[in-house]
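Letter by letter, the chains look like this.
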Amino acid sequence: MPMVRVVGIDHLAIRVSDLAASKSFYSRVLGFMGFAREWEFDRVVGWNNGATMFWITQADAVGRRHKHRTGDVGYHHYAFELAARGEVDALYDFLLTEKVVIVDAPAAYPSYGEGYYAVYFLDPDGLKLEAMHFVEKDKRRARRARPTETP
């Protein structure tokens, strides 16, 4: 049986209750994190950073009647991996200036692994987002990138 290998997450698409409010929020936050708005048509907006795309689309009338509730089956949170711990702090400072709801201020989470550091915040619909840096993951990537010696 053939085996496939996932090489990354291409995109995330979420439905929002107010496209204009979410477009404004994500334009500011994703823009700060190096994404550019690349697509906009009908009731869909998409940003791209060259590796990942993030899409929002307007929920339909029935969907807008059912607000997101933490604890329901479905979406829990999305984590953006940042290049350095200091970038988590920089994003946090930016989020404060934008008056974004912070769930958990930047903190270390040693139980997640070596050097896990993250901030958690909410979008306009209360969807949880995370920005994190993970030293252990950096070390794993570095080990994989080392050339192997041949006898």
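Here the residue numbers are simple positions, counted from 1 along each chain's written sequence. Since the coordinates come from a predicted model, pLDDT governs what is reported: local features require at least 70, and pairs of side-chain atoms require 80 or more to be given and counted, while whole-chain, interface and lining totals use all residues. Calculated side-chain values reflect all of the structure's heavy atoms, with hydrogen atoms and water omitted.

*Asks:* Looking at this structure, I do not really get the overall build of the protein chain. What am I missing?
*Replies:* Looking only at helices and strands, one finds 4 helices and 8 strands in the protein chain. Seen in sequence order, the protein chain has helices and strands lined up from the N terminus as β-α-β-β-β-α-β-α-β-β-β-α. Projecting the C-alpha coordinates of the protein chain onto the three principal axes gives extents of approximately 65 × 40 × 30 Å. Burial classification: accessible surface area is computed with a 1.4 Å probe over protein chains only, and a residue below 20% of its type maximum counts as buried, one above 50% as exposed, and the rest as partly exposed. The buried share of the protein chain, taken over its 151 residues, is 33%. Only heavy atoms enter the contact rule, under which two residues are in contact if any of them lie within 4.5 Å. Across the protein chain, the fraction of contacts at a sequence separation of at least 24, relative to all contacts at a separation of at least 6, is 50%. Of the roughly 9,800 Å² of accessible surface on the protein chain, a fraction of 56% belongs to carbon and sulfur atoms. Helix and strand assignments follow DSSP, with helices taken as H or I runs no shorter than four residues and strands as E runs no shorter than two, numbered in order from the N terminus. Throughout, the Shrake-Rupley method with a 1.4 Å probe supplies accessible areas, and for residues the shown protein chains are the sole cover considered.

*Asks:* Any chance you could explain helix 1 (residues 19–32) here in plain terms?
*Replies:* In this model, helix 1 (14 residues) spans 19 Å end to end at C-alpha, consistent with the 20 Å of a helix rising 1.5 Å per residue. All buried positions along helix 1 are accounted for by Leu19, Ser22, Phe25, Tyr26, Val29 and Leu30. By the N-cap criterion, in which a side-chain oxygen at the helix start approaches the backbone nitrogen of a residue two or three places on, helix 1 is capped by aspartate 18, the distance to alanine 20 being 3.2 Å. Where helix 1 terminates, the next one or two residues include glycine 34, which has phi positive at roughly 90 degrees. Expected span of a helix, by definition, is 1.5 Å for each gap between consecutive residues, and there is one gap fewer than residues. Nitrogen and oxygen atoms within 3.5 Å of one another constitute a polar contact, given that in protein one can donate a hydrogen and the other can accept it, and given that sequence-neighbouring residues count only through two side-chain atoms.

*Asks:* Help me understand the layout of surface pockets in this model?
*Replies:* Sizing a probe to match a water molecule and rolling it over the atoms shows the empty space that remains. Cavities and pockets are found on a 1 Å grid laid over the protein atoms alone: a cavity is a set of points where a 1.4 Å probe fits but cannot escape, a pocket is an open set with protein on both sides within 12 Å along at least five of seven lines, and a lining residue has an atom within 4 Å of such a point. Grid points are joined across faces, edges and corners, and a volume is the space filled by probe spheres set on the points. What the largest pocket holds in volume is close to 630 Å³. Thr52, Ala79, Phe80, Glu81 and Lys137 are, among the 21 residues lining the largest pocket, the residues nearest its centre. Counting only elements with at least two residues in the lining of the largest pocket, the list comes to strand 5 (77–81) and helix 3 (85–97). By residue number, the principal contributor to the lining of the largest pocket is strand 5, which donates 4 residues. Gly counts as polar in this scheme, as do all residues outside two lists: the nonpolar Ala, Val, Leu, Ile, Met, Phe, Trp, Tyr, Cys and Pro, and the charged Asp, Glu, Lys and Arg. Taken together, the residues of the lining of the largest pocket sort by class into 14 nonpolar, 3 polar and 4 charged. Put simply, the second largest pocket is a space of about 320 Å³. Lining the second largest pocket we find 18 residues, and of these Arg15, His66, Lys67, His68 and Leu127 sit closest to its centre. Here the element with the most residues in the lining of the second largest pocket is strand 1 (residues 11–16); it accounts for 4 residues. Of the residues assigned to the lining of the second largest pocket, the class counts are 7 nonpolar, 5 polar and 6 charged.

*Asks:* Help me out: how do you make sense of the sheet that holds strand 6 (residues 102–108) in this one?
*Replies:* Judged by pairing direction, the sheet is mixed, and its 4 strands sit side by side in the order 5-8-7-6 without closing on themselves. The open sheet has two edge strands with one neighbour each: strand 5 and strand 6. Within the sheet, the average angular offset between the axes of one strand and its neighbour, ignoring direction, is 20 degrees. In this scheme, strands are said to pair when DSSP sees at least two bridges between them. With 7 bridges joining them, strand 7 (residues 116–122) and strand 8 (residues 128–134) adopt antiparallel strand pairing. In the sheet register, leucine 122 faces strand 8, and the bridge partner there is lysine 128. Inter-axis angles, ranging from 0 to 180 degrees, are taken between N-to-C directions of lines fitted to C-alpha atoms, where helices are fitted over the stretch in contact. Of the strands in this sheet, strand 5 and strand 8 are in contact with helix 4 (residues 135–145), which crosses strand 8 at around 55 degrees.

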